[in-house]
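Residue-level structure breakdown
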Amino acid sequence: MKPRFHFPYGMREDGLGTWEVYEILNGEVATLNDEPLTMLLIGEANDAVEILNKHYLARREGTTH
């Protein structure tokens, strides 16, 4: 049986009506190109989470350079 895999990035509402992307293991706000992923619309946050998790999975599987 394979161990259960959890993606490292998630999204949460920030209390201001916008969303932020965070690292699930430590709760810190994620960054992209040194910019914090905060104050995003829900669709933007969802897209960022999808991109970061896909990139993480590709690195984990060794399919990136």
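Residues numbered from 1 in each chain as written. Predicted model: local features only at pLDDT ≥ 70, side-chain atom pairs only at ≥ 80, totals over all residues. Heavy atoms only, no water.

1. Remarks on the overall build of the chain
Using the following cut-off: Elements are defined by DSSP. Helices are runs of H or I of four residues or more, strands are runs of E of two residues or more, and each kind is numbered from the N terminus. We call a residue buried when its accessible area falls under 20% of the maximum for its residue type, exposed when it is over 50%, and partly exposed in between, using a 1.4 Å probe and counting protein chains only. Contacts were defined at the residue level, with two residues in contact if any of their heavy atoms lie within 4.5 Å. What sets the accessible areas is the Shrake-Rupley method with a 1.4 Å probe; for residues, cover comes only from the shown protein chains.
Secondary structure summary: the chain contains one helix and four strands in total. Relative to its 65 residues, the chain shows a buried fraction of 26%. Contacts spanning at least 24 positions in sequence make up 27% of the contacts within the chain whose residues lie at least 6 apart. Of the accessible surface of the chain, which amounts to about 5200 Å², a share of 54% is contributed by carbon and sulfur atoms.

2. Regarding the confidence of the model for the chain
How we decide: Each residue carries a pLDDT score, the predictor's confidence in it, ranging from 0 to 100.
When pLDDT is averaged along the chain, the result is 90; 88% of the residues meet or exceed 70. Strand 2 (residues 19–23) holds the highest mean pLDDT among the elements of the chain, 98, whereas strand 3 (residues 31–32) holds the lowest, 91.

3. Description of the nonpolar core
In plain terms, the rule: We call a set of buried residues a nonpolar core when its members are Ala, Val, Leu, Ile, Met, Phe, Trp, Tyr or Cys and they connect through side-chain atoms within 4.5 Å of each other.
Counting 10 residues, the largest nonpolar core consists of Tyr9, Trp19, Val21, Ala30, Leu37, Leu40, Ala45, Ala48, Val49 and Leu52. Discounting residues that sit within four places of it in the chain, valine 49 has contacts with Tyr9, Gly10, Met11 and Val21.

4. Examining unusual backbone geometry
Phi is positive for aspartate 34, which is not a glycine, with a value near 65 degrees. The residue aspartate 34 is located in the loop between strand 3 and strand 4 (35–36) in this model.

5. So, the environment of alanine 30
Tracing the backbone shows alanine 30 in the loop between strand 2 and strand 3. Given the relative accessible area of 1%, alanine 30 is considered buried. With near-sequence residues (within four places) excluded, alanine 30 lies in contact with Tyr9, Val21, Tyr22, Glu23, Glu35, Pro36, Leu37 and Leu52.

6. Let's talk about helix 1 (residues 42–61)
To keep it simple, the criterion reads: Expected helix span is computed as 1.5 Å times (number of residues minus one).
If you check helix 1, its first and last C-alpha atoms are 28 Å apart, about what 20 residues at 1.5 Å a residue would give, namely 28 Å. Restricting attention to buried positions, one finds in helix 1 the residues Ala45, Ala48, Val49, Leu52, Asn53 and Ala58. Residues of helix 1 that are buried in the fold lie against strand 1 (9–13), strand 2 and strand 3. Phi turns positive one or two residues past the end of helix 1, at glycine 62, with a value near 75 degrees.

7. What to know about the side chain of asparagine 53
Relative to the helices and strands, asparagine 53 is located in helix 1. Classification of asparagine 53 by relative accessible area gives buried; the value is 8%.

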